[in-house]
Amino acid sequence: MSVWDDLVGQEPVIAQLSSAAGGTGPAHAWLFTGPPGSGRVAAARAFAAALQCTETPRGCGHCASCHQVLQGTHADVEVVRPQGLSFGIKDARALVLRASSSPSGHGWQIVLFEDADRATEGAANALLKSIEEPPARTIWLLCTPSPEDLLVTIRSRCRLVTLQTPPIGAIADFLVQRDGVERETAEVVARAAQGHISRARRLASDPRMRRVRDDVVAIPRRLTGVSPAVAAAEILVKAAEAERDSQTGELNETETSALRKALGESEKGRMPRGTAGALKELEGRQKSRATRVLRDALDRTLLDLASYYRDVLTLQLGAGSELVNIELGPELRTAAGTGRPEDTLRRLDAIMDCRERLAANVNPQLAFEALALALRTG
């Protein structure tokens, strides 16, 4: 076992990073890019572990340093994971200060910034100088979907690592070999996840998530009229809201309780004067995080829905590509035979338009109602 084992179908990237970790002077800034689910964060974490590894070859996966990095407990690896919709200048300045400290051991001071594309322009400018001229033992690892998601002044100072969408077969093999998933289930969820490794693992381990996805790809057959279309939109939004609440509810309570105790809450639940601002700031961060989780859930719903019409279009055009929703084969062939490719393309465009509306803060219920009506009429 090594730190590279979770990088599915990324042999060129493994070779690039292994070589750099084994050298004497790795670049001071790295930019990991790739489509969602390709494993860019996993690659950055594995590289951080290899850099801190105390064994030869670097990245053994069994030494104390490797274990600490992979578990997120290494003192010299700062993992930044933006919880809200953006990463602001105040957070950036605190991160620059953290990055300037010397490593506690003989390794590196590493900053692993997940979703670096969420940095605001002001935050990115605050990070620029530290990335441009970091201390001698500091290494920055930035993760974004594409190089264009960062300021050109930052990306031009980074060594680029590009990950590709892993093959479905490679993901299925990974689930069988690493997680003990049955072959049939592994192949189904690998196709359903469309190259997204972490989502494939969640689908494989969580029957509830598989049921939710089944409900999403069943929506097209429910669009028999205006009223059913509106009802279908409500079902999709409520499912996303339930996922948001399950992910954030307990976490919010824990964070709020911990902060109230730290601020000196009395046994009767009274707070000292001057603490309202801190509680309000936490509430703002929690609200931003909830909005992000909801948007992510809605976006996954739209991509699952798009996979249905992608399959229909594949059959209509005789493309010969493997279907994502192969278990719906008879239904998909019926839909392909009774419609036109032009109508399917309009439906796919409507799904992409809905994604843009959500990014522009349109009310999710209204956006999904408009989408459901557009899918019905084609």
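A brief report on the enclosed structure follows. Please read these numbers as outputs of a predicted model, since none were measured by experiment.

1. Quick word on the pairing of strand 2 (residues 77-80)
With four bridges connecting them, strand 2 and strand 3 (residues 109-113) associate as parallel partners. Bridging across to strand 3, Val79 finds its partner in Leu112. After leaving strand 2, the chain enters helix 4 (residues 89-99) and then returns to the sheet as strand 3, a path that is right-handed.

2. Looking at the environment of Gly320
As for its position among the elements, Gly320 is in the loop between helix 13 (276-317) and helix 14 (329-338). Taking the C-alpha atoms as reference points, Gly320 and Val3, 317 residues apart in sequence, are found 37 Å from one another.

3. Details of the pattern of salt bridges
Here the structure, examined in full by the defined rule, presents 25 salt bridges. Across the pair Arg178 and Asp6 runs a salt bridge, and its minimum N-O distance is 2.8 Å. Pair noted here: Arg178 is in helix 7 (residues 168-179) and Asp6 is in the segment before helix 1 (11-22), with a separation of 172 residues, a long-range link. When its relative accessible area of 38% is taken as the criterion, Arg178 is described as partly exposed. Here Asp6 falls in the partly exposed class, since its relative accessible area comes to 30%. Taken together, the salt bridges that share partners define one network made up of Asp115, Arg118, Arg292 and Asp296.

4. Focus: the side chain of Gln10
With respect to the helices and strands, the residue Gln10 is situated in the segment before helix 1. The buried category is assigned to Gln10, whose relative accessible area is 2%. Among the polar contacts listed, one links the side chain of Gln10 to the backbone oxygen of Gln164, at a separation of 2.6 Å. In contact with Gln10, not counting residues within four places along its chain, are Ser38, Leu163, Gln164 and Pro166.

5. Some points on the environment of Asp215
You can see Asp215 is positioned in helix 10 (residues 207-217). By relative accessible area, Asp215 is classed as partly exposed at 39%.

6. Thoughts on the packing of aromatic side chains
For any two aromatic rings, the description comes down to two numbers: the centre-to-centre distance and the angle of the planes. Applying the stated criterion across every chain yields a total of four aromatic pairs. Between Trp30 and Phe47, the aromatic rings sit 4.8 Å apart at their centres with planes inclined by 65°, giving edge-to-face as the arrangement. Of this pair, Trp30 sits in strand 1 (residues 29-33) while Phe47 sits in helix 2 (residues 40-52); the two residues are 17 residues apart in sequence, bridging distant segments of the chain. In this structure, Trp30 and Phe47 share a single accessibility class: buried. Taken together, the aromatic side chains of Trp30, Phe32 and Phe47 make up a single cluster linked through ring pairs. When the ring centre of Trp30 is taken as reference, the NZ or CZ atom of Arg159 above it lies at 5.3 Å.

7. A few points about unusual backbone geometry
Geometrically, the link from Thr56 to Pro57 is a cis peptide bond, its omega value of 0° lying close to zero. As for its placement among the helices and strands, Pro57 is situated in the loop between helix 2 and helix 3 (64-71). At Gln194, a residue that is not glycine, the phi angle is positive and equals roughly 55°. Within the secondary structure, Gln194 is located in the loop between helix 8 (183-193) and helix 9 (197-205). Under the relative-accessibility criterion, Gln194 is labelled partly exposed at 37%.

8. Some thoughts on the environment of Leu294
Assignment of secondary structure puts Leu294 in helix 13. For Leu294, a relative accessible area of 12% gives the class buried. In this structure the C-alpha to C-alpha distance between Leu294 and Pro364, which are 70 residues apart in sequence, comes to 9.4 Å. What Leu294 contacts, discounting residues up to four positions off in sequence, is Ala240, Glu241, Arg244 and Pro364.

9. Considerations on helix 13
Counted at 1.5 Å a residue, the expected span for helix 13 with its 42 residues is 62 Å, and the 61 Å between its end C-alpha atoms agrees. Looking one or two residues beyond helix 13, the residue adopting positive phi is Gly318, at roughly 65°.

10. Let's talk about the sheet that holds strand 4 (residues 138-144)
What the five strands build is an open sheet, ordered 2-3-4-1-5; its pairing is parallel. At either end of the open sheet lies a strand with only one pairing partner, and these are strand 2 and strand 5 (159-162). Here the average twist between neighbouring strands, direction ignored, is 15°. Of the pairings in the sheet, the one linking strand 1 to strand 5 comprises four bridges and is parallel in character. Pairing of Trp30 across the sheet is with Arg159, part of strand 5.

How each quantity is defined
- Residues numbered from 1 in each chain as written.
- Predicted model: local features only at pLDDT ≥ 70, side-chain atom pairs only at ≥ 80, totals over all residues.
- Heavy atoms only, no water.
- Pairing = 2+ DSSP bridges.
- Helix = DSSP H or I, 4+ residues; strand = E, 2+ residues; numbered from the N terminus.
- Right-handed = clockwise from strand over helix to strand, strands pointing away.
- Salt bridge = Lys/Arg side-chain N within 4 Å of Asp/Glu carboxyl O.
- Buried < 20%, exposed > 50% of the residue type's maximum accessible area, 1.4 Å probe, protein only.
- Polar contact = N/O pair within 3.5 Å; in protein donor to acceptor, adjacent residues only side chain to side chain.
- Contact = heavy atoms within 4.5 Å.
- Phe/Tyr/Trp six-rings, centres within 6.5 Å; stacked < 30°, edge-to-face > 60°.
- Lys NZ or Arg CZ within 6 Å of the ring centre and 35° of its normal.
- Expected span 1.5 Å × (residues − 1).
- Axes fitted to C-alpha atoms, helices over the stretch in contact; angles between N-to-C directions.

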